[in-house]
Amino acid sequence: MTAPTLIFGWGNPSRGDDALGPALLDAIEALRASHPQWGEVDLLTDFQLQVEHALDLEGRRRVLFVDASASAGDAPFRAEAIQPARDSSFTSHALSPQGVMHVYAEIKKSPPPPCTLLAIAGEAFELGEPLSAAARSHLDAALAWTQAWLTTS
Amino acid sequence: MRHQFELETAKNPDALKRIVIEPVSRVEGHGKVTILLDDDNQVHQVRLHIVEFRGFEKFIEGRPYWEVPVLVQRLCGICPVSHHLAASKAMDMIVNGGILTPTAEKIRRLMHYGQMLQSHALHFFHLSSPDLLFGFDSDVAKRNIVGVAAANPDVAKMGVLLRKFGQEVIRVTSGKRVHGTGSVPGGVNKSLSLEERDYLLKDADQMIAWSRDAVRIIKQLHKANPALYDAFGNVPTTMMSLVDDKGALDFYHGALRARDRDGEVIFDQVSYQGYHTLLTEGVKPWSYMKFPYITTLGEEKGWYKVGPLARIQNCDRIPTPLAEEERAEFVAYGGAKPLHGSLGFHWARMIEMLCAAETIKDLLLDPDIMGADLMATGPRREEGIGVIEAPRGTLFHHYRVNENDVVTYANLIVSTTNNNTAMNVAVRDVAKNYLQGHEITEGLLNHIEVAIRCFDPCLSCATHALGKMPLEVTLVDASGREIDRMTKDSEGRVGK
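Values in this document were obtained by computation on a predicted structure and should not be read as measured data.

Summing up its helical and strand segments, chain B has 17 helices and 17 strands in all. Looking at chain B as a whole, 63% of its 496 residues are labelled buried. Put simply, of all contacts in chain B between residues at least 6 apart along the chain, 68% involve residues at least 24 apart. Accessible area for chain B stands at about 17,300 Å²; split by element, carbon and sulfur atoms hold 52% of it.

Right, let's talk about the sheet that holds strand β4 (residues 77–82) of chain A for a bit. Residues and elements named next belong to chain A. Spatial ordering of the open sheet is given by β2-β1-β3-β5-β4, a layout of 5 strands whose pairing is mixed. At either end of the open sheet lies a strand with only one pairing partner, and these are β2 (41–46) and β4. This sheet shows a mean twist of 20 degrees between the axes of neighbouring strands, independent of strand direction. In this sheet, strand β5 (residues 115–121) lies alongside strand β3 (residues 62–69) in parallel orientation, the contact comprising 7 bridges. Each residue of the ladder has a partner; that of S69, found in β5, is A121. Against the sheet, helix α1 (residues 20–31) makes contact with β1 (5–10), β2, β3 and β5, and its axis sits at roughly 140 degrees relative to β1, the strand it touches most. Relative to β5, helix α3 (residues 133–151) is tilted by about 160 degrees, and along the sheet it contacts β1, β2, β3, β4 and β5.

Backbone phi values are negative for most residues with the exception of glycine, while trans is the configuration of most peptide bonds. A:P76 follows A:A75 through a cis peptide bond whose omega is -5 degrees. Looking at the element boundaries, A:P76 is found in the loop between β3 and β4. Located in the positive-phi region is A:K109, a residue other than glycine, with phi close to 55 degrees. Residue A:K109 is classed as exposed on the basis of its relative accessible area, which comes to 63%. The backbone phi angle of B:Q269 is positive, close to 55 degrees, even though this residue is not glycine. In this fold, B:Q269 is placed in strand β8 (residues 265–270).

What counts as what
- Residues numbered from 1 in each chain as written.
- Chains lettered and ligands numbered in written order.
- Predicted model: local features only at pLDDT ≥ 70, side-chain atom pairs only at ≥ 80, totals over all residues.
- Heavy atoms only, no water.
- Helix = DSSP H or I, 4+ residues; strand = E, 2+ residues; numbered from the N terminus.
- Buried < 20%, exposed > 50% of the residue type's maximum accessible area, 1.4 Å probe, protein only.
- Contact = heavy atoms within 4.5 Å.
- Areas by Shrake-Rupley, 256 points an atom, 1.4 Å probe, with all protein chains shown as cover.
- Pairing = 2+ DSSP bridges.
- Axes fitted to C-alpha atoms, helices over the stretch in contact; angles between N-to-C directions.

Spelled out as structure tokens, the structure:
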């Protein structure tokens, strides 16, 4: 059965702070058994957002997109509601979350569910590196925010 | 016959204008094209530079061998399963000499053909069809998958759902949609349940039908404009791929076969275990990536192409009926000679996607995929080589493991590396035919990217990130004075 809440985190776990999205999902996975008030939550991860991920939005009540941000101004994280947008990411194989929402609207001929973007600031994206100390700190802050987001109905 | 490395090195580079297309990609690597022009916009030098995965080989060394099939998936966001399975095949050699149970081999094949289906769907529908449907220099705002969705909604939806099905085959066989752990040294760690089999089987016929439609689309495009499709990036080369012991197409296992540019067999049924004596990994001072060639033919004549266009023309037949019918038509279109136009990759690719869809159905109907015998045992070794036909071509993984089970050596030749010289030559051919003597525009530069995308979306995703990453192309004269500039911002708007 499709869970009403989807959290989609993406990034390459082998590239330092690029792993922030999947790392947040791991943290939520570890916590969710003791938080039944969150309800049913699907946790999905991938390297990048792709066109077919639009189909993962189907049947959801709300969606949280989680990515690492290379912008220092986002520290410790930036959370905002997002809308479908036909942006230039369509020229790459990796889409933006707004682009994924746009594809959903094109394919389903209906608006996508409400979506929020959580961008967690990272600093180092080198191959083979673990999360940086700053990213760990940002992850803790983002995790606290996500728990609050999950608790709101 | 013109020299194959024409335009690789200009005689007087310091006196020429330089165009650099330098995109950035976070995962797959970093590609850059440099073009040197004289004052009349005559092309003197074209180089495609790609950052190689050498860092990843070092990253693997020192790791326990059983971690490697999972680790290497992180090389690529588009075809992680190909690396997963090539590494698994190499590690099979380490743990048992390469033996698999029928269930393990068929589960891996199912996973791999799912990978082939999803990657080919992405490559054709999402990355290449906008160029092919709208034109290489059409409105850049429309030239993308959403433009296709608006103009051809059925085509776009078909592409999305084909890729989704391939991803589902991967998820069911590997346990996860990404970073799956289904394949392990010596076998697999799960087979399919009846419910999983039926879940996939219910959509299999639809995927075959859509794959046939996809072949029709590219075939019609090709036949509607043969002057373009046959000539664009036409680079006659040697072709190399795996074939099975009867010469048929096989994406998972086989021996190496190569044909020359005229289709004559150079070698056949050569074990890939000796790849390092068969191939030499040449180097050039201007690129991080190596330039492999067939050792006995030498650097001048031994370079080759891999991937769909090579595979379809190297094999004697395709084992599934509908794809074989299409292969025969493809070969007949070329007459007595192989097709070498780079856009032919797309036609061949869609035939392979049809083969993958048919094979997936055949495997789903095979009871062995629900078997319980998952692992085989055999003598331990210290060296393993695994080869697979990845979506974009032959992929080599080679490892040595010490008595403490730690990897001490890793060498990967990825499909992009195998195609390195052929891509460079194709890009030069396109630059000479389309840029020569013209004012450089975004549309003309896109011709270069179209040529790269025929071979490889991993690289073309980097070049295609033009639209995502702000791009600035600057022409500078020999004294360093800027004489022209073109920009593309993060929203894809082009300006001067």
